[in-house]
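# Understanding the architecture of this molecule
Chain by chain, the residues:
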Amino acid sequence: MLLSSLKHHNYRLWAGADLVSVTGTWMQVLGVNWLILEATGSATSLGLSLVLQALPTLAFGLWGGALADRLPARPVVVASQVAQGLLAVVLAVVAMTGVTSVLPVYGVALAGGLVTALGGPALGRFGAEVVPPADLPNAMALGSVINSAGRILGMSLAGVLLPLTGTGGLFVINAVSFLAVIGALAAMRAGEMYLLAKAPAGAGGIRDGLRHVLRTPWLLVVLALSLILGSLGRNYQVTMASMAAGPLGAGAVGYGLLSTVFAVGTVLGGIFAASRPRLTMRLLLVTAFLASVAQALSGLVPGLWPFAALLLPIAAGAVVIDTTIGARVQLGSPDELRGRVISVLGLVSAAAGALGGPLLGWLSDAMGPRLALQIGGVSTTAATLLAALALARVTGVRILRARTA
(Lines give C-alpha, C1' and ligand atoms only; values in the text may rest on other atoms or scores of the structure.)
Protein backbone atom coordinates (compact mmCIF):
# COMPACT_ATOMS: atom_id res chain seq x y z
CA MET A 1 0.00 0.00 0.00
CA LEU A 2 2.80 2.43 0.91
CA LEU A 3 4.40 2.34 -2.56
CA SER A 4 1.44 1.29 -4.71
CA SER A 5 1.66 4.33 -6.99
CA LEU A 6 5.25 3.52 -7.97
CA LYS A 7 4.13 0.51 -10.00
CA HIS A 8 3.03 2.98 -12.70
CA HIS A 9 5.75 3.97 -15.19
CA ASN A 10 4.52 7.53 -15.67
CA TYR A 11 4.26 8.16 -11.94
CA ARG A 12 7.83 6.96 -11.41
CA LEU A 13 9.03 9.52 -13.94
CA TRP A 14 6.84 12.19 -12.36
CA ALA A 15 8.08 11.38 -8.86
CA GLY A 16 11.74 11.46 -9.85
CA ALA A 17 11.40 14.76 -11.66
CA ASP A 18 9.42 16.18 -8.77
CA LEU A 19 12.20 15.33 -6.32
CA VAL A 20 14.78 17.17 -8.41
CA SER A 21 12.53 20.18 -8.97
CA VAL A 22 11.40 20.48 -5.36
CA THR A 23 15.00 20.30 -4.15
CA GLY A 24 15.87 23.24 -6.36
CA THR A 25 12.76 25.14 -5.33
CA TRP A 26 13.58 24.90 -1.61
CA MET A 27 17.15 25.98 -2.26
CA GLN A 28 15.66 29.07 -3.86
CA VAL A 29 13.19 29.57 -0.99
CA LEU A 30 16.00 29.66 1.56
CA GLY A 31 17.99 31.98 -0.67
CA VAL A 32 15.11 34.41 -1.15
CA ASN A 33 14.23 34.41 2.55
CA TRP A 34 17.79 35.10 3.57
CA LEU A 35 18.24 37.73 0.86
CA ILE A 36 15.21 39.66 2.11
CA LEU A 37 16.12 39.32 5.79
CA GLU A 38 19.68 40.52 5.12
CA ALA A 39 18.42 43.49 3.14
CA THR A 40 15.64 44.55 5.52
CA GLY A 41 16.04 42.77 8.87
CA SER A 42 12.26 42.60 9.09
CA ALA A 43 9.92 39.61 9.41
CA THR A 44 7.16 41.85 8.03
CA SER A 45 9.14 42.30 4.80
CA LEU A 46 9.46 38.54 4.52
CA GLY A 47 5.71 38.23 5.03
CA LEU A 48 5.17 40.77 2.24
CA SER A 49 6.95 38.49 -0.22
CA LEU A 50 4.44 35.76 0.65
CA VAL A 51 1.60 38.20 -0.02
CA LEU A 52 3.00 39.06 -3.45
CA GLN A 53 3.23 35.37 -4.34
CA ALA A 54 -0.38 34.88 -3.27
CA LEU A 55 -2.00 37.92 -4.92
CA PRO A 56 -2.07 36.56 -8.51
CA THR A 57 -3.79 33.39 -7.34
CA LEU A 58 -6.40 35.48 -5.57
CA ALA A 59 -6.98 37.44 -8.78
CA PHE A 60 -6.53 34.83 -11.52
CA GLY A 61 -6.59 31.40 -9.85
CA LEU A 62 -10.15 30.65 -10.91
CA TRP A 63 -9.27 31.44 -14.52
CA GLY A 64 -6.42 28.93 -14.25
CA GLY A 65 -8.89 26.30 -13.06
CA ALA A 66 -11.25 26.96 -15.95
CA LEU A 67 -8.37 26.69 -18.43
CA ALA A 68 -7.18 23.45 -16.83
CA ASP A 69 -10.61 21.85 -17.33
CA ARG A 70 -10.62 22.73 -21.05
CA LEU A 71 -7.01 22.52 -22.26
CA PRO A 72 -4.69 19.49 -22.44
CA ALA A 73 -2.73 19.47 -19.18
CA ARG A 74 0.72 18.54 -20.47
CA PRO A 75 1.43 21.63 -22.66
CA VAL A 76 0.25 23.94 -19.88
CA VAL A 77 2.55 22.20 -17.39
CA VAL A 78 5.53 22.49 -19.75
CA ALA A 79 4.89 26.20 -20.28
CA SER A 80 4.66 26.85 -16.54
CA GLN A 81 7.94 24.98 -15.88
CA VAL A 82 9.75 27.00 -18.53
CA ALA A 83 8.40 30.25 -17.07
CA GLN A 84 9.45 29.35 -13.52
CA GLY A 85 12.92 28.43 -14.73
CA LEU A 86 13.31 31.79 -16.45
CA LEU A 87 12.23 33.60 -13.29
CA ALA A 88 14.91 31.73 -11.34
CA VAL A 89 17.46 32.98 -13.88
CA VAL A 90 16.24 36.54 -13.29
CA LEU A 91 16.72 36.10 -9.54
CA ALA A 92 20.24 34.81 -10.12
CA VAL A 93 21.10 37.88 -12.18
CA VAL A 94 19.68 40.17 -9.49
CA ALA A 95 21.69 38.46 -6.75
CA MET A 96 24.95 38.26 -8.71
CA THR A 97 24.89 41.89 -9.80
CA GLY A 98 24.74 43.03 -6.19
CA VAL A 99 21.39 44.77 -6.30
CA THR A 100 20.58 45.85 -2.74
CA SER A 101 16.91 46.72 -3.25
CA VAL A 102 14.31 44.05 -2.56
CA LEU A 103 11.96 45.45 -5.22
CA PRO A 104 13.28 43.14 -8.00
CA VAL A 105 12.86 40.17 -5.65
CA TYR A 106 9.30 41.25 -4.96
CA GLY A 107 8.71 41.57 -8.71
CA VAL A 108 9.86 37.98 -9.31
CA ALA A 109 7.65 36.80 -6.43
CA LEU A 110 4.66 38.47 -8.07
CA ALA A 111 5.45 37.01 -11.49
CA GLY A 112 5.99 33.56 -9.99
CA GLY A 113 2.64 33.82 -8.29
CA LEU A 114 1.01 34.59 -11.65
CA VAL A 115 2.59 31.50 -13.24
CA THR A 116 1.38 29.39 -10.33
CA ALA A 117 -2.13 30.85 -10.57
CA LEU A 118 -2.51 30.00 -14.25
CA GLY A 119 -0.54 26.74 -14.31
CA GLY A 120 -1.17 25.26 -10.86
CA PRO A 121 -4.62 23.76 -11.55
CA ALA A 122 -3.32 22.08 -14.72
CA LEU A 123 -0.42 20.69 -12.68
CA GLY A 124 -2.93 19.26 -10.21
CA ARG A 125 -5.03 17.70 -12.96
CA PHE A 126 -1.97 16.23 -14.63
CA GLY A 127 -0.80 14.71 -11.35
CA ALA A 128 -4.15 12.95 -11.11
CA GLU A 129 -3.78 11.57 -14.65
CA VAL A 130 -0.53 9.65 -14.12
CA VAL A 131 -2.24 7.16 -11.74
CA PRO A 132 -5.69 5.53 -11.67
CA PRO A 133 -8.23 7.10 -9.26
CA ALA A 134 -7.80 4.28 -6.73
CA ASP A 135 -4.12 5.17 -6.32
CA LEU A 136 -4.58 8.96 -6.24
CA PRO A 137 -4.57 9.33 -2.40
CA ASN A 138 -1.41 7.22 -2.21
CA ALA A 139 0.19 9.25 -5.02
CA MET A 140 -0.63 12.48 -3.21
CA ALA A 141 0.80 11.15 0.05
CA LEU A 142 3.97 9.94 -1.67
CA GLY A 143 4.11 13.34 -3.34
CA SER A 144 4.19 14.86 0.14
CA VAL A 145 7.07 12.55 1.07
CA ILE A 146 8.92 13.54 -2.10
CA ASN A 147 8.28 17.22 -1.44
CA SER A 148 9.52 16.82 2.11
CA ALA A 149 12.60 14.90 1.02
CA GLY A 150 13.27 17.58 -1.56
CA ARG A 151 12.84 20.20 1.14
CA ILE A 152 15.41 18.45 3.34
CA LEU A 153 17.86 18.10 0.46
CA GLY A 154 17.23 21.63 -0.72
CA MET A 155 17.59 23.27 2.68
CA SER A 156 20.64 21.17 3.56
CA LEU A 157 22.39 21.80 0.25
CA ALA A 158 21.50 25.48 0.41
CA GLY A 159 22.98 25.73 3.91
CA VAL A 160 26.22 24.20 2.65
CA LEU A 161 26.40 26.11 -0.64
CA LEU A 162 25.19 29.52 0.53
CA PRO A 163 28.56 30.57 2.02
CA LEU A 164 30.32 29.30 -1.12
CA THR A 165 28.09 30.41 -3.99
CA GLY A 166 25.92 33.09 -2.43
CA THR A 167 22.22 33.27 -3.09
CA GLY A 168 22.82 33.62 -6.84
CA GLY A 169 24.25 30.11 -7.08
CA LEU A 170 21.14 28.69 -5.39
CA PHE A 171 18.92 30.39 -7.94
CA VAL A 172 20.97 28.99 -10.87
CA ILE A 173 20.60 25.45 -9.53
CA ASN A 174 16.85 25.91 -9.23
CA ALA A 175 16.63 27.14 -12.83
CA VAL A 176 18.39 24.01 -14.08
CA SER A 177 16.15 21.71 -12.00
CA PHE A 178 13.10 22.53 -14.11
CA LEU A 179 14.70 20.70 -17.03
CA ALA A 180 14.12 17.43 -15.14
CA VAL A 181 10.36 17.97 -15.19
CA ILE A 182 10.31 18.82 -18.89
CA GLY A 183 12.37 15.72 -19.66
CA ALA A 184 10.07 13.48 -17.62
CA LEU A 185 7.00 14.84 -19.39
CA ALA A 186 8.58 14.06 -22.75
CA ALA A 187 9.38 10.47 -21.69
CA MET A 188 5.89 9.54 -20.41
CA ARG A 189 3.80 6.93 -22.23
CA ALA A 190 0.61 8.43 -23.62
CA GLY A 191 -1.17 5.06 -23.61
CA GLU A 192 -0.69 4.73 -19.83
CA MET A 193 -2.31 8.05 -18.90
CA TYR A 194 -5.64 8.09 -17.04
CA LEU A 195 -7.13 11.16 -18.66
CA LEU A 196 -9.86 13.02 -16.80
CA ALA A 197 -13.04 14.11 -18.58
CA LYS A 198 -12.84 17.67 -19.86
CA ALA A 199 -15.46 20.36 -19.47
CA PRO A 200 -17.85 20.57 -22.46
CA ALA A 201 -17.49 23.52 -24.79
CA GLY A 202 -20.67 25.21 -23.55
CA ALA A 203 -19.88 24.86 -19.84
CA GLY A 204 -20.21 27.87 -17.58
CA GLY A 205 -16.51 28.07 -16.74
CA ILE A 206 -15.74 29.75 -13.45
CA ARG A 207 -19.43 30.13 -12.65
CA ASP A 208 -20.03 26.37 -12.72
CA GLY A 209 -17.05 25.72 -10.47
CA LEU A 210 -18.19 28.27 -7.89
CA ARG A 211 -21.76 26.97 -8.05
CA HIS A 212 -20.54 23.45 -7.28
CA VAL A 213 -18.50 24.65 -4.29
CA LEU A 214 -21.29 26.82 -2.89
CA ARG A 215 -23.81 23.97 -3.18
CA THR A 216 -21.56 21.46 -1.37
CA PRO A 217 -21.73 22.25 2.39
CA TRP A 218 -19.04 19.79 3.54
CA LEU A 219 -16.65 21.26 0.97
CA LEU A 220 -17.29 24.79 2.24
CA VAL A 221 -16.50 23.71 5.81
CA VAL A 222 -13.28 21.98 4.76
CA LEU A 223 -12.17 25.01 2.73
CA ALA A 224 -12.89 27.35 5.63
CA LEU A 225 -10.87 25.15 7.98
CA SER A 226 -8.05 25.02 5.43
CA LEU A 227 -8.02 28.83 5.27
CA ILE A 228 -7.65 29.25 9.03
CA LEU A 229 -5.13 26.45 9.47
CA GLY A 230 -3.11 27.75 6.54
CA SER A 231 -3.06 31.38 7.64
CA LEU A 232 -2.42 31.05 11.37
CA GLY A 233 -0.92 27.57 11.60
CA ARG A 234 1.17 27.05 8.46
CA ASN A 235 3.31 30.15 7.90
CA TYR A 236 6.39 28.77 9.63
CA GLN A 237 8.69 30.48 7.13
CA VAL A 238 7.92 33.63 9.08
CA THR A 239 7.80 32.35 12.65
CA MET A 240 10.81 30.02 12.41
CA ALA A 241 12.99 32.83 11.07
CA SER A 242 11.70 35.20 13.76
CA MET A 243 12.27 32.68 16.56
CA ALA A 244 15.78 31.87 15.31
CA ALA A 245 16.76 35.52 15.01
CA GLY A 246 14.96 36.61 18.21
CA PRO A 247 14.13 34.63 21.38
CA LEU A 248 16.23 31.58 20.52
CA GLY A 249 19.27 33.62 19.51
CA ALA A 250 20.27 30.92 17.02
CA GLY A 251 20.92 33.03 13.91
CA ALA A 252 21.29 31.57 10.42
CA VAL A 253 22.62 28.24 11.70
CA GLY A 254 19.60 27.80 13.99
CA TYR A 255 17.24 28.79 11.20
CA GLY A 256 18.76 26.14 8.96
CA LEU A 257 18.47 23.56 11.74
CA LEU A 258 14.81 24.35 12.37
CA SER A 259 14.08 24.22 8.65
CA THR A 260 15.70 20.79 8.43
CA VAL A 261 13.80 19.47 11.47
CA PHE A 262 10.56 20.78 10.00
CA ALA A 263 11.35 19.01 6.72
CA VAL A 264 12.06 15.73 8.53
CA GLY A 265 8.68 16.05 10.22
CA THR A 266 6.97 16.50 6.87
CA VAL A 267 8.62 13.30 5.60
CA LEU A 268 7.26 11.40 8.60
CA GLY A 269 3.82 12.88 8.02
CA GLY A 270 3.89 11.92 4.36
CA ILE A 271 4.92 8.35 5.14
CA PHE A 272 2.11 8.09 7.67
CA ALA A 273 -0.44 9.42 5.17
CA ALA A 274 0.81 7.07 2.44
CA SER A 275 0.50 4.08 4.75
CA ARG A 276 -3.14 4.81 5.56
CA PRO A 277 -5.70 2.77 3.59
CA ARG A 278 -8.03 5.80 3.59
CA LEU A 279 -7.68 9.49 4.37
CA THR A 280 -10.80 10.35 6.38
CA MET A 281 -12.43 13.44 7.82
CA ARG A 282 -11.85 12.05 11.29
CA LEU A 283 -8.12 11.85 10.58
CA LEU A 284 -8.17 15.45 9.34
CA LEU A 285 -9.91 16.81 12.44
CA VAL A 286 -7.86 14.87 15.00
CA THR A 287 -4.59 15.83 13.31
CA ALA A 288 -5.59 19.49 13.04
CA PHE A 289 -6.48 19.58 16.73
CA LEU A 290 -3.21 17.99 17.87
CA ALA A 291 -1.06 20.14 15.59
CA SER A 292 -2.83 23.30 16.78
CA VAL A 293 -2.27 22.47 20.44
CA ALA A 294 1.38 21.71 19.71
CA GLN A 295 1.76 25.08 17.98
CA ALA A 296 0.38 26.92 21.01
CA LEU A 297 2.82 25.03 23.25
CA SER A 298 5.76 25.82 20.93
CA GLY A 299 5.43 29.46 21.88
CA LEU A 300 6.10 28.55 25.52
CA VAL A 301 9.06 26.17 25.39
CA PRO A 302 12.54 27.57 26.10
CA GLY A 303 15.62 26.91 24.01
CA LEU A 304 16.36 25.82 20.46
CA TRP A 305 16.16 22.05 20.92
CA PRO A 306 12.81 21.90 22.77
CA PHE A 307 11.35 24.17 20.11
CA ALA A 308 12.78 21.95 17.38
CA ALA A 309 11.32 18.86 19.08
CA LEU A 310 7.82 20.34 18.94
CA LEU A 311 8.28 21.33 15.31
CA LEU A 312 8.58 17.66 14.35
CA PRO A 313 4.94 16.62 15.10
CA ILE A 314 3.65 20.00 13.92
CA ALA A 315 5.29 19.49 10.52
CA ALA A 316 4.06 15.90 10.29
CA GLY A 317 0.54 17.04 11.10
CA ALA A 318 0.69 19.77 8.46
CA VAL A 319 1.39 17.21 5.72
CA VAL A 320 -1.35 14.84 6.89
CA ILE A 321 -3.80 17.76 6.96
CA ASP A 322 -2.89 19.06 3.51
CA THR A 323 -2.83 15.61 1.92
CA THR A 324 -6.19 14.64 3.41
CA ILE A 325 -7.83 17.89 2.35
CA GLY A 326 -6.42 17.59 -1.17
CA ALA A 327 -7.52 13.97 -1.57
CA ARG A 328 -11.02 14.53 -0.22
CA VAL A 329 -11.56 17.66 -2.33
CA GLN A 330 -10.35 16.03 -5.55
CA LEU A 331 -12.05 12.67 -5.17
CA GLY A 332 -15.27 14.35 -4.06
CA SER A 333 -15.48 16.46 -7.23
CA PRO A 334 -16.60 15.54 -10.78
CA ASP A 335 -13.78 15.06 -13.32
CA GLU A 336 -14.98 17.90 -15.54
CA LEU A 337 -14.86 20.30 -12.55
CA ARG A 338 -11.58 19.02 -11.11
CA GLY A 339 -9.42 21.90 -12.30
CA ARG A 340 -11.84 24.54 -11.01
CA VAL A 341 -12.16 22.87 -7.62
CA ILE A 342 -8.36 22.60 -7.42
CA SER A 343 -8.17 26.30 -8.27
CA VAL A 344 -10.59 27.14 -5.44
CA LEU A 345 -8.40 25.16 -3.05
CA GLY A 346 -5.40 27.04 -4.42
CA LEU A 347 -7.28 30.30 -3.94
CA VAL A 348 -7.86 29.39 -0.30
CA SER A 349 -4.19 28.51 0.12
CA ALA A 350 -3.13 31.80 -1.46
CA ALA A 351 -5.54 33.74 0.74
CA ALA A 352 -4.08 31.97 3.77
CA GLY A 353 -0.59 33.09 2.76
CA ALA A 354 -1.76 36.63 1.99
CA LEU A 355 -3.50 36.95 5.37
CA GLY A 356 -1.28 34.87 7.61
CA GLY A 357 2.16 35.86 6.35
CA PRO A 358 1.96 39.58 7.13
CA LEU A 359 -0.26 39.02 10.19
CA LEU A 360 2.19 36.64 11.84
CA GLY A 361 5.06 38.86 10.74
CA TRP A 362 3.41 41.89 12.35
CA LEU A 363 2.59 39.95 15.52
CA SER A 364 6.18 38.70 15.68
CA ASP A 365 7.56 42.23 15.29
CA ALA A 366 5.03 43.91 17.61
CA MET A 367 4.47 41.32 20.34
CA GLY A 368 7.23 38.79 19.80
CA PRO A 369 7.23 35.49 17.91
CA ARG A 370 6.33 33.48 21.02
CA LEU A 371 3.03 35.26 21.46
CA ALA A 372 2.40 35.05 17.71
CA LEU A 373 2.69 31.26 17.90
CA GLN A 374 0.41 31.07 20.93
CA ILE A 375 -2.28 33.25 19.33
CA GLY A 376 -2.14 31.21 16.13
CA GLY A 377 -2.31 27.88 17.97
CA VAL A 378 -5.28 28.85 20.13
CA SER A 379 -7.14 30.24 17.10
CA THR A 380 -6.64 27.12 14.98
CA THR A 381 -7.65 24.86 17.89
CA ALA A 382 -10.93 26.72 18.19
CA ALA A 383 -11.45 26.62 14.42
CA THR A 384 -10.93 22.85 14.34
CA LEU A 385 -13.53 22.27 17.06
CA LEU A 386 -16.03 24.49 15.23
CA ALA A 387 -15.35 22.65 11.96
CA ALA A 388 -16.03 19.31 13.67
CA LEU A 389 -19.37 20.59 14.88
CA ALA A 390 -20.24 22.01 11.47
CA LEU A 391 -19.35 18.79 9.63
CA ALA A 392 -21.41 16.80 12.10
CA ARG A 393 -24.35 19.08 11.40
CA VAL A 394 -24.19 19.19 7.59
CA THR A 395 -23.32 15.54 6.99
CA GLY A 396 -24.34 13.73 10.17
CA VAL A 397 -22.19 12.48 13.02
CA ARG A 398 -21.26 9.48 10.86
CA ILE A 399 -18.64 11.53 9.02
CA LEU A 400 -16.54 11.69 12.16
CA ARG A 401 -16.70 7.93 12.61
CA ALA A 402 -16.78 6.52 9.10
CA ARG A 403 -13.67 5.10 7.49
CA THR A 404 -14.46 6.97 4.30
CA ALA A 405 -15.38 10.63 3.89
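Definitions and cut-offs
- Residues numbered from 1 in each chain as written.
- Predicted model: local features only at pLDDT ≥ 70, side-chain atom pairs only at ≥ 80, totals over all residues.
- Heavy atoms only, no water.
- Salt bridge = Lys/Arg side-chain N within 4 Å of Asp/Glu carboxyl O.
- Helix = DSSP H or I, 4+ residues; strand = E, 2+ residues; numbered from the N terminus.
- Buried < 20%, exposed > 50% of the residue type's maximum accessible area, 1.4 Å probe, protein only.
- Core = buried A, V, L, I, M, F, W, Y, C linked by side-chain atoms within 4.5 Å.
- Axes fitted to C-alpha atoms, helices over the stretch in contact; angles between N-to-C directions.
- Parallel < 35°, antiparallel > 145°, perpendicular 65-115°, else oblique.
- Left-handed = near helix turned anticlockwise from the far one by under 90°.
- Contact = heavy atoms within 4.5 Å.
- Nonpolar A, V, L, I, M, F, W, Y, C, P; charged D, E, K, R; others polar.

## Considering the pattern of salt bridges
Going through the model one piece at a time under the given rule, you end up with five salt bridges. Note that Arg211 and Asp208 form a salt bridge whose closest N and O atoms lie 2.7 Å from each other. Of this pair, Arg211 and Asp208 both sit in helix H6 (residues 206-214), three residues apart, roughly one helical turn. The exposure class of Arg211 is partly exposed, given its relative accessible area of 32%. When its relative accessible area of 22% is taken as the criterion, Asp208 is described as partly exposed. A single network of salt bridges, built from pairs that share partners, joins Asp69, Arg125 and Arg340.

## Regarding the nonpolar core
If you look at the biggest cluster of nonpolar residues, it comprises 27 residues, and the most contacted ones within it are Tyr11, Trp14, Phe126, Val130, Val131, Leu185 and Met188. For this core, the element with the highest residue contribution is helix H5 (residues 136-187), accounting for eight residues. Core analysis: the next-biggest nonpolar cluster, separate from the first, contains 25 residues, Val213, Leu345, Ala387 and Ala388 among them.

## Section: the packing of helix H1 (residues 9-40) against helix H3 (residues 73-96)
Each packed pair of helices is defined by two parameters, the angle between the axes and the distance between the axes. Close contact between H1 and H3 brings their axes to 12 Å; oriented N to C, the two are set at 30°. What the angle tells us is that H1 and H3 run roughly parallel. Where H1 crosses over H3, the two elements pack in a sense that is left-handed. Touching Trp14, Ser21, Gln28 and Val32 of H1 are Val77, Gln81, Ala88 and Leu91, all from H3. A per-class count over the contact of H1 with H3 returns five nonpolar, three polar and no charged.

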